[in-house]
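Residues per chain, in single letters:
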Amino acid sequence: MNGATLTQLPIVFIGIGLMGRPMALRLLQAGYPVRVWNRTAAKAQSLHPAGAEPFASVAEAVRGAGIVISMLEAGDAVDEVIAAALPALAPRTLWIDMSSTAHAEALVFHANLVRHGCRFVDAPVSGGVAGAEAGTLAIMAGGAMDDFTEAMPVLTAMGRATLVGPAGSGQVAKLCNQLIVGATLGIVAEALLLAQAAGADPHAVRDAIRGGFAESRILELHGQRMLDRNFMPGGQVKSQLKDLRNVLAAAADAGLVLPVAALVTESFQSIAADHPHADHAAALLALEKKNPGQRLGAGPDRCP
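Here is what the cut-offs are and how they apply
- Along each chain, residue indices are assigned from 1 in the same order as the chain's sequence is written.
- Per-residue local features are limited, in this predicted model, to residues with pLDDT of at least 70; the limit for side-chain atom pairs, both in listing and counting, is 80 or more; totals at the level of whole chains, interfaces and linings are taken over all residues.
- Excluded from the side-chain calculation are hydrogens and water; included are all heavy atoms of the structure.
- The way it works is that DSSP assigns letters per residue, a run of H or I at least four long becomes a helix, a run of E at least two long becomes a strand, and they are numbered from the N terminus.
- The quantity called the radius of gyration is restricted to C-alpha atoms. Its globule counterpart is 2.2 Å times the number of residues to the power 0.38.
- Here's how the labels work: a residue is buried when its accessible area is under 20% of the maximum for its type, exposed when over 50%, partly exposed in between, all with a 1.4 Å probe on protein chains only.
- For this analysis, residues touch if any pair of their heavy atoms sits within 4.5 Å.
- We get accessible surface area from the Shrake-Rupley algorithm with a probe of 1.4 Å; when it comes to residues, only the shown protein chains can shield them.
- Here the positive residues are Lys and Arg and the negative ones are Asp and Glu; neither His nor the chain ends is included.
- Charged side chains are reduced to one point each, which is NZ for Lys, CZ for Arg, CG for Asp and CD for Glu.
- Here, the term nonpolar core denotes a set of buried Ala, Val, Leu, Ile, Met, Phe, Trp, Tyr and Cys residues that are joined through side-chain atoms within 4.5 Å.
- Scored from 0 to 100, pLDDT reflects the predictor's confidence in each residue.
- Only the stretch in contact is used when a helix axis is fitted, and all axes are lines through C-alpha atoms; the angle between N-to-C directions ranges over 0 to 180 degrees.
- Oblique is the label for any angle not covered by the other classes, which are roughly parallel (under 35 degrees), roughly antiparallel (over 145) and roughly perpendicular (65 to 115).
- Ten residues, namely Ala, Val, Leu, Ile, Met, Phe, Trp, Tyr, Cys and Pro, are considered nonpolar, four, namely Asp, Glu, Lys and Arg, are considered charged, and the remaining ones, Gly among them, are considered polar.
- The directions considered for the arc run from the helix axis to the C-beta atoms.
- Each reported salt bridge corresponds to a side-chain nitrogen of Lys or Arg within 4 Å of a carboxyl oxygen of Asp or Glu.
- Two strands qualify as a pair provided DSSP detects at least 2 bridges between them.
- Consider the strands pointing away from the viewer: the crossover is right-handed when the path from the first strand over the helix to the second runs clockwise.
- A crossing counts as left-handed when the near helix is turned anticlockwise from the far one by less than a right angle, and as right-handed when that turn is clockwise.

Regarding the overall build of the chain
Along the chain, the regular secondary structure elements total 13 helices and nine strands. Taking 19 Å as the expected radius of gyration for a compact globule of 304 residues, we find that the chain reaches 20 Å, a close match to that expectation. Counting across all 304 residues of the chain, residues that qualify as buried make up 48%. Across the chain, contacts joining residues at least 24 apart in sequence account for 66% of those joining residues at least 6 apart. Approximately 13600 Å² of the chain is accessible, and the part contributed by carbon and sulfur atoms is 59%. Treating the 23 positive side-chain charges of the chain as one cloud and the 26 negative ones as another, the clouds have centres 3 Å apart.

Take a look at the structure:
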């Protein structure tokens, strides 16, 4: 790369969506030269006032870049973008995929890029839009130690990065994260609905159990969302369902049966058609659907 270090060369950010936009802004605020591309060009163009350089095509955007970061909806979109970029990628370009994909998909991306003389780290994130805006995302990385070390300054601008194993391992860690998140959302919804149905004040019950063994960020943040019936999106039902399906696929590949994961997946599936873009705190809506006549609180639903 003509003697320049990765962080001196342009960084390309692909996918200026709910999460990608604040992540790209964090890189700009850290002083990195950032090129942006999005399928909807207006979203990429919207970052121009912040200092980003929008491009009309993926191939144009990645030419001469040191690092390419993708933050896309699903594995098929990542695969499509990598295919479009490959002819224009310089040797040893480091591709960091921060999307949530299937483990098997990440392994294919790694193989395709290595075959073309490039490098790959899968680095999905947790922390939602708030974490992306604050630069406090939990970043779970899979790849070679040398590649991870080179990427660390860039990743640190967006959150706290941990190398969890070879390529593909970041997606495994994200699936573990999403399994815990999805199951905990369901249990918090059950606890609050039970409190109300049995005659207690669910607000007071939530306050009473915080600080004990049941305390969690889910109880703190999404428990309040459920009480407020605020389902405006941070994480989305459709994304949670996609991740849970990937959990079950990874479990099948590993020869495991995960009964709780299967039940949680079924629960989110029950509301996916009606509320695909709702926050995943809509686990409460799935529970209420199974309990006709029971509804937490009296306020109106806030849904996208």
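Text resumes after the structure shown.
Considerations on the nonpolar core
In terms of nonpolar packing, the biggest core is built from 35 residues, with Phe13, Met23, Leu27, Ile69, Met98 and Met158 touching the most fellow members. Among the secondary structure elements, those contributing two or more residues to this core are strand E1 (11–14), helix H1 (20–29), strand E2 (34–37), strand E4 (67–70), strand E5 (94–97), helix H6 (128–134), strand E8 (137–142) and helix H7 (145–156). Dropping the residues within four chain positions of it, Met23 is found in contact with Phe13, Met71, Met98, Val125, Ala132, Leu137 and Met158. Counting 27 residues, the second-largest nonpolar core is a separate cluster that includes Leu185, Leu227, Val237 and Leu244.

Digging into the confidence of the model for the chain
The pLDDT averaged across the chain works out to 93; a share of 97% of its residues lies at or above 70. When pLDDT is averaged over each helix and strand of the chain, the minimum, 90, is found for strand E7 (residues 125–126) and the maximum, 98, for E5.

What to know about the packing of helix H12 (residues 259–272) against helix H13 (residues 283–290)
Viewed as axis vectors pointing N to C, H12 and H13 meet at an angle of 90 degrees, and their least axial separation amounts to 9 Å. Put simply, H12 runs roughly perpendicular to H13. Counted together, Glu266, Ser267, Phe268, Ser270 and Ile271 of H12 and Ala283, Leu285, Ala286, Lys289 and Lys290 of H13 form the full contact between these two elements. Classifying every residue of the contact of H12 with H13 by side-chain character gives five nonpolar, two polar and three charged.

Observations regarding helix H4 (residues 75–85)
All of the buried residues along H4 are Gly75, Val78, Val81, Ile82 and Ala85. Axial view of H4: buried residues confined to an arc of 125 degrees, hence all on one face. Opposite the buried face of H4, by more than 90 degrees, sit the exposed residues Asp76, Glu80 and Ala83. Tucked inside the fold, the buried residues of H4 contact E1, E2, helix H3 (58–62), E4, E5 and helix H5 (103–115).

Some words on the side chain of Asn246
Counting through the fold element by element, Asn246 comes out in helix H11 (residues 237–253). Ignoring anything within four residues of it in the chain, the contact list for Asn246 reads Thr101, Ala102 and Leu175.

Comments concerning the pattern of salt bridges
Pairing between side chains of opposite charge can happen when the charged atoms of each approach one another. Within this structure, the stated rule accounts for 11 salt bridges. Residue Arg119 pairs with Glu150 through a salt bridge whose shortest N-O separation is 2.9 Å. Of this pair, Arg119 sits in strand E6 (residues 119–122) while Glu150 sits in helix H7, placing them 31 residues apart in sequence. Judged by relative accessible area, Arg119 falls into the buried class, the value being 8%. Residue classification places Glu150 among the partly exposed positions, given a relative accessible area of 33%. With a shortest N-O distance of 2.8 Å, Arg229 and Glu288 are connected by a salt bridge.

Structural notes on the pairing of strand E9 (residues 159–165)
Bridge count between E8 and E9: six bridges; the pairing is parallel. The partner of Ile139 across the bridge, within E9, is Ala161. In this fold, E8 hands off to H7, which returns the chain to E9; that crossover is right-handed.

With respect to unusual backbone geometry
The phi torsion of most residues other than glycine is negative, and most of the peptide bonds are trans. Located in the positive-phi region is Arg92, a residue other than glycine, with phi close to 70 degrees. One can find Arg92 in the loop between H4 and E5. Even without being glycine, Arg229 reaches a positive phi, approximately 55 degrees.

Comments concerning the packing of helix H8 (residues 169–197) against H13
The packing of two helices is summarised by the inter-axis angle and the distance between the axes. At their nearest, the axes of H8 and H13 sit 8 Å apart, and the two run at 55 degrees to each other. Relative to H13, the element H8 lies oblique. Remark: the crossing between H8 and H13 carries right-handed chirality. Between H8 and H13, the contacting residues are Leu185, Gly186, Ala189, Glu190 and Leu193 on the first element and Ala283, Leu284, Leu287 and Glu288 on the second. Class assignment of the residues belonging to the contact of H8 with H13 gives a composition of six nonpolar, one polar and two charged.

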